[in-house]
Amino acid sequence: MTKPDSLPTHPPRLSHPPKPRLALSVGVTGHRPNRLPASGVHRISAEVADVLRQIQVAIADVQKRHAAVWSTDDPRLSVVSSLAEGADRIVAEAGLTAGFELEAPLPFATETYAEDFADAASRQAFSALLARAARVVELPGQRAAADQAYERAGLAMLDHAALLIAIWDGGPAAGRGGTPDMLEAAARRGIPVVVIAAADDTTPPTIRWRDLDRHPRTDLSFHDLPPQPIGQLGKVIEQLTAPPVHGDEVAHLADYLREGRRHIQFRQAWLWLQAMAFMRRPRWRDFCAMSPETAADDEAAAHAGAPPDLTAAYGWADALANYYAQIFRSAVVVNFLCAALAVFVVALSILVGKSFGVKSIGKPVFVGIEILLLLWVVLNTIQGRRRAWHRRWLEAREVAERLRVALPMHGLAARPTVQQGRIGIWTAWYERALLRAAGLPVLRPADDHGIRARTALHSMLDGQCRYHGSTHKRMHQLEHRLETFGELLFVLTLIVATVYMAVELSVGPIRDSWQFLVTALTAGLPVLATAAYGIRVIGDFEGSARRSKRMAADIAALIAAMEADDAAGTDGLAAAQERARQAADIMLGDVASWRVAAEGRTLAIPG
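This is a predicted model, so every value here is computed, not measured. (Residues numbered from 1 in each chain as written. Predicted model: local features only at pLDDT ≥ 70, side-chain atom pairs only at ≥ 80, totals over all residues. Heavy atoms only, no water.)

J.: Describe empty space enclosed by the protein, with residues and values.
T.: If you roll a probe as big as a water molecule over the atoms, it shows you where there is empty space left. According to the stated counting rule, one finds six cavities of 30 Å³ or more in the structure shown. The calculated volume of the second largest cavity comes to roughly 60 Å³. Lining of the second largest cavity is provided by H252, D255, Y256, E259, L320, Y324, R391, R392, E395, A396 and W426. Per-element tally for the lining of the second largest cavity: the top contributor is helix α13 (residues 389–411), with four residues. Here the lining of the second largest cavity is built from residues that sort into five nonpolar, one polar and five charged. (1 Å grid on protein atoms, 1.4 Å probe; cavity = no way out; pocket = protein on both sides within 12 Å on 5 of 7 lines; lining within 4 Å. Points joined across faces, edges and corners; volume = space filled by probe spheres on them. Helix = DSSP H or I, 4+ residues; strand = E, 2+ residues; numbered from the N terminus. Nonpolar A, V, L, I, M, F, W, Y, C, P; charged D, E, K, R; others polar.)

J.: Can you explain a nonpolar patch on the surface? Please cite residues and give values.
T.: Side chains of V367, I371, L375, V378, L379, I382 and I605 sit close together on the surface and give an oily, nonpolar patch of about 560 Å² of accessible area. With respect to the element layout, V378 can be found in helix α12 (residues 359–386). (Patch = residues over 30% accessible without salt bridge, like charges linked within 9 Å, V, L, I, M, F, W, Y side chains within 5 Å. Areas by Shrake-Rupley, 256 points an atom, 1.4 Å probe, with all protein chains shown as cover. Salt bridge = Lys/Arg side-chain N within 4 Å of Asp/Glu carboxyl O.)

J.: Would you mind going over the packing of helix α1 (residues 41–65) against helix α7 (residues 233–241) in detail, with residue names and values included?
T.: Two elements in contact, α1 and α7, have axes separated by 9 Å at closest approach and are oriented at 50°. Classified by the interaxial angle, the pair formed by α1 and α7 is oblique. α1 and α7 meet at a crossing whose hand is right-handed. Contacts from V51, Q54, I55, A58, I59, V62 and R65 in α1 reach L233, G234, I237, E238 and T241 in α7. When the residues that make up the contact of α1 with α7 are grouped by side-chain class, the tally is seven nonpolar, three polar and two charged. (Axes fitted to C-alpha atoms, helices over the stretch in contact; angles between N-to-C directions. Parallel < 35°, antiparallel > 145°, perpendicular 65-115°, else oblique. Left-handed = near helix turned anticlockwise from the far one by under 90°. Contact = heavy atoms within 4.5 Å.)

J.: Outline the pattern of salt bridges, supporting the account with residue identities and numerical values.
T.: The tally for this structure, following the rule as stated, stands at 32 salt bridges. For D116, the salt bridge goes to R32, with nearest N and O atoms at 3.6 Å. Of this pair, D116 sits in the loop between α3 (110–113) and α4 (120–131) while R32 sits in the loop between β1 (23–30) and α1, and the two are 84 residues apart along the sequence. When the shortest N-O distance is used, the salt bridge between E259 and R262 registers 2.7 Å. A relative accessible area of 3% means that E259 is categorised as buried. Among the ionic contacts, a cluster of salt bridges with common partners joins R32, E115, D116 and R143. (Buried < 20%, exposed > 50% of the residue type's maximum accessible area, 1.4 Å probe, protein only.)

Fair warning: the whole summary comes from geometry, so function is off the table for now.
Next comes the structure, spelled out in structure tokens:
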């Protein structure tokens with residue numbers, strides 16, 4: 001079996017966003033030998049093997065029926081086990097026999113954990129299983145707080161398990177982090193549990209899961225969940241892995257997976273708007289679309305040991321989000337400016353025709369220009385809607401931000417909280433599928449990987465804090481300058497109208513040519529001001545500035561908390577995992593609020 005240390009860390013160069021590999025991890029909780037009758041071990045092993053075979057059959061069916069969304073790699077099935085004596089090893093051995101990978105989150109360093117096993121045969125069995133493990137995470141537990149260490153290992157197992165096998169006698173826990181505690185934690189997280197009776201030969205395996213109910217409740221404890229026949233396992237696997245059920249979401253996922261490379265960024269109106277607002281200078285490289293490898297390579301360098309498919313997926317999402325953001329924003333700017341210019345051209349035609357006597361020739365020219373401008377608005381809007389620039393921008397940005405958070409968490413052997421059942425939104429399904437395929441990292445206290453992972457988290461937060469601080473400043477400036485521009489145009493209109501009235505009242509009627517000029521200015525200037533207002537409304541620059549200001553403050557507070565953790569000498573990995581989860585809550589909450597705000601501001605014909 002290939003060890004993770006030998007895998008390439010450079011993201012692959014792909015023609016399309018990577019399809020996730022179909023993967024499912026099976027966790028295990030249960031008793032040690034003192035609560036497993038010797039006469040029942042053979043029966044338990046046989047029932048575990050049967051459950052794993054059913055999982056393989058169901059996964060093969062999912063791969064076949066939904067082949068379009070998966071990579072061509074064989075499904076990756078794994079058992080996540082801490083390799084304690086008893087239930088952990090029964091499931092681990094059955095999994096390896098069935099062709100599953102083995103992933104082992106250990107509560108202590110390997111040498112310390114081996115002290116749990118009293119006799120040499122048990123220690124040898126532990127070492128043999130550990131040697132066959134594809135990935136090992138050695139959590140920095142301490143003997144002085146052993147119960148806490150066991151609980152952390154159990155929670156790490158649940159973080160990476162889509163399904164839990166519990167070998168349980170129905171009794172209470174022998175200590176903190178015991179089987180009943182893991183069952184309750186699984187119920188809270190929405191993880192389905194296959195229960196295999198530890199002591200009762202007459203009770204067949206059952207499955208408990210809240211999502212087997214048509215209208216599931218999230219407040220139920222494990223004991224509130226009714227046991228269902230194990231024949232429901234195929235349905236459970238389908239719900240855990242299959243893509244979203246809603247037709248639109250399936251179509252949008254297919255669109256995303258078909259996205260190709262973008263080399264040239266033709267639409268520049270958004271960048272020129274910033275240039276005219278004296279916020280940036282145009283550059284030749286503005287015409288070059290970002291390569292997916294640019295962002296992917298940066299993430300691969302920042303997160304040592306990150307799965308290449310995960311960094312490649314981030315690179316594609318970030319590149320596509322930047323590409324479609326500029327296209328959509330440029331289309332909005334063009335629509336409002338062309339609509340305003342069309343009105344201005346009409347006013348200008350009156351001025352030219354009446355003042356210079358060329359209406360017989362000039363009028364058709366101006367009308368032709370007006371038609372072209374309005375036609376461009378219509379065609380631009382139709383193209384934007386047909387090609388879904390707005391939706392593709394929002395979806396790609398959401399995927400990128402989900403993966404931005406997930407990458408440092410993966411290095412810390414943690415994951416963002418994700419729904420375990422059927423997901424209605426493809427972006428969340430895609431993230432979950434990629435993370436399942438990534439599996440556990442290789443993490444040992446003896447090496448510096450954990451330190452690098454904590455450093456990467458800190459670096460990511462620093463970068464996001466700077467980004468949001470800069471975005472707050474840029475968006476606030478753009479909003480202020482567009483608002484000032486619109487106000488100046490209205491003030492100029494008022495001045496022109498006032499001067500005209502003063503001259504009319506004090507001197508008498510002015511020449512026709514001046515009257516036509518006044519008409520053109522008082523008609524055209526407010527329209528340009530209204531265009532600036534429309535760009536501000538659709539762009540929501542002030543809203544973006546406020547959100548970025550809030551985000552910068554929240555992330556800065558989290559960075560300060562991490563520095564306080566380091567100064568206090570708290571458990572480095574556990575503290576970093578908690579801070580990573582807090583970062584995920586902050587950043588994904590911001591993405592959700594941004595998407596809600598942006599979804600209503602689509603490309604439309606001004607009117």
